[in-house]
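Chains, contacts and geometry: an overview
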Amino acid sequence: MPVTSIRTRRWKPVAFAVSAVLVGLAAPALTATPAAATTTAYDATYYKNAIGKTGTSLKSSLHTIITPQTKLSYSAVWEALKVTDQDPNNSSNVKLLYSGISRSKTLNGGNTGNWNREHVWAQSHGDFGTSAGPGTDLHHLRPEDVQVNSIRGNKDFDNGGSSFTNSGGSLTDSNSFEPRAAVKGDVARMILYMAVRYEGDDSWPDLEPNDAVTNGSVPLHGRLSVLKAWNEADPPDAFEERRQNLIYSNYQGNRNPFIDHPEWVEAIW
Ligand SMILES: [Ca+2]
Ligand SMILES: [Ca+2]
Ligand SMILES: [Ca+2]
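Residues numbered from 1 in each chain as written. Chains lettered and ligands numbered in written order. Predicted model: local features only at pLDDT ≥ 70, side-chain atom pairs only at ≥ 80, totals over all residues. Heavy atoms only, no water.

1. Observations regarding the overall build of the protein
Selection rule: Per the convention used, a helix needs a DSSP run of H or I reaching at least four residues, while a strand needs a run of E reaching at least two, with both numbered from the N terminus. Only protein chains enter the accessibility calculation, which uses a 1.4 Å probe; a residue whose area is less than 20% of its type maximum is buried, one above 50% is exposed, and one in between is partly exposed. A contact between two residues is defined here by any heavy atoms of the two lying within 4.5 Å. In these tables, accessible area is a Shrake-Rupley quantity obtained with a 1.4 Å probe, and a residue counts as shielded only by the protein chains included in the view.
In terms of helices and strands, the protein carries 9 helices and 10 strands. Taken over 269 residues, the protein has a buried fraction of 48%. A fraction of 65% describes how many contacts in the protein between residues 6 or more apart in sequence connect residues 24 or more apart. With the model as given, the accessible surface of the protein reaches about 12300 Å², and the carbon-plus-sulfur share is 56%.

Set out below in structure tokens:
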């Protein structure tokens with residue numbers, strides 16, 4: 001009797017171990033989701049206090065993590081964008097966000113044919129201006145053709161609309177703007193970074209996403225349901241990750257959590 005008892009005890013852990021391995025092998029197929037859970041080199045360090053959390057707890061933890069940052073002047077943003085948004089195929093040029101055009105770095109300015117500093121979270125949604133803060137935060141600033149920037153204006157993001165000059169596949173209608181497919185996810189992750197970074201506990205408004213396209217000057221940006229779909233349709237690529245790493249290492253010292261963990265969008269919203 002005692003011998004049998006010991007043998008049973010010995011075998012139980014082995015059986016559990018085999019079972020765990022089988023479950024581990026089967027899991028990816030069973031839990032296939034659009035934005036699969038990812039692991040990054042920063043999980044054990046930068047994101048240590050956020051790992052394992054969801055919902056408001058995750059958002060709050062990420063806010064604490066990404067808030068410490070070096071703030072740039074608006075004039076310093078020109079030079080930074082020449083580095084972060086360099087065309088991978090031509091080091092003399094920047095790649096324009098919505099139009100996809102490759103344009104000389106030296107053509108920055110405010111005239112027709114120039115590129116300027118597009119605030120993806122429209123500046124007027126919270127009226128934060130261009131002093132060091134959300135108005136100069138590289139995580140949502142991108143080079144864009146002056147006229148395309150003007151066409152986007154302060155519109156919320158949504159699907160639908162018509163093409164326009166230099167649209168590059170982006171569309172617009174009377175109340176919203178749809179970026180070209182290759183940057184839809186970038187736009188979503190930039191907007192949601194802003195929502196987590198700016199929570200109204202400093203001198204800036206609490207920026208939040210909502211599902212409207214008529215936000216005007218309130219510190220809200222839409223449409224959340226569409227941004228969530230775009231995050232899944234256009235996962236981070238090498239350009240977006242390079243940009244993130246340059247902002248982290250060379251300029252601001254903080255990261256956009258949704259580029260490292262796209263699945264955190266669904267975990268929070
Ligand atoms: Ca619309
Ligand atoms: Ca993209
Ligand atoms: Ca917020």
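After that view, the rundown keeps rolling.
2. Let's talk about the coordination of the calcium ion (ligand 3)
Spelled out, the test is: For Na, K and Ca the donor cut-off is 3.2 Å; for every other metal, N, O and S atoms count as donors within 2.8 Å. Water does not enter the count, which can leave sites looking incomplete.
Ligation of the calcium ion (ligand 3) by protein atoms is provided by Ala195 (O), Tyr198 (O), Glu199 (OE), Asp206 (OD), Leu207 (O) and Glu208 (OE), these donors lying 2.2 to 2.4 Å from the ion. Of note, the donors binding the calcium ion (ligand 3) are all from one chain and are spaced A-x2-Y-E-x6-D-L-E.

3. Describing the pairing of strand 4 (residues 115-119)
Put simply, the rule is: Pairs of strands are assigned from DSSP output, requiring at least two bridges between the strands.
For strand 4, the buried fraction is high: 5 of the 5 residues fall into the buried class. Pairing geometry for strand 4 and strand 5 (residues 141-145), over 5 bridges, is antiparallel. Of the residues in strand 5, the one forming a bridge with glutamate 118 is arginine 142.

4. Some points on the coordination of the calcium ion (ligand 1)
Distances from the calcium ion (ligand 1) to its protein donors, Asp173 (OD), Asp173 (OD), Asn175 (OD1) and Ser176 (OG), fall within 2.2 to 2.6 Å. Binding-site remark: the calcium ion (ligand 1) is held by donors from one chain whose sequence spacing is D-x1-N-S. Given the relative accessible area of 0%, serine 176 is considered buried.

5. What about the pattern of salt bridges?
Pairing is possible between side chains of opposite charge, provided their charged atoms come close. Our working definition: Any carboxyl oxygen of Asp or Glu within 4 Å of a side-chain nitrogen of Lys or Arg constitutes a salt bridge here.
By the definition in use, this model includes 15 salt bridges. Residues aspartate 186 and arginine 142 are paired through a salt bridge, measuring 3.3 Å at the closest nitrogen-oxygen approach. With aspartate 186 in helix 5 (residues 184-197) and arginine 142 in strand 5, the pair connects residues that are 44 residues apart, well separated along the chain. For the residue pair aspartate 186 and arginine 142, the accessibility class agrees, reading buried in each case. Of the charged contacts in the structure, one is a salt bridge between aspartate 158 and arginine 223, with a shortest N-O distance of 3.4 Å. Of this pair, aspartate 158 sits in the loop between strand 6 (156-157) and strand 7 (171-172) while arginine 223 sits in the loop between strand 10 (220-221) and helix 6 (224-233), placing them 65 residues apart in sequence.

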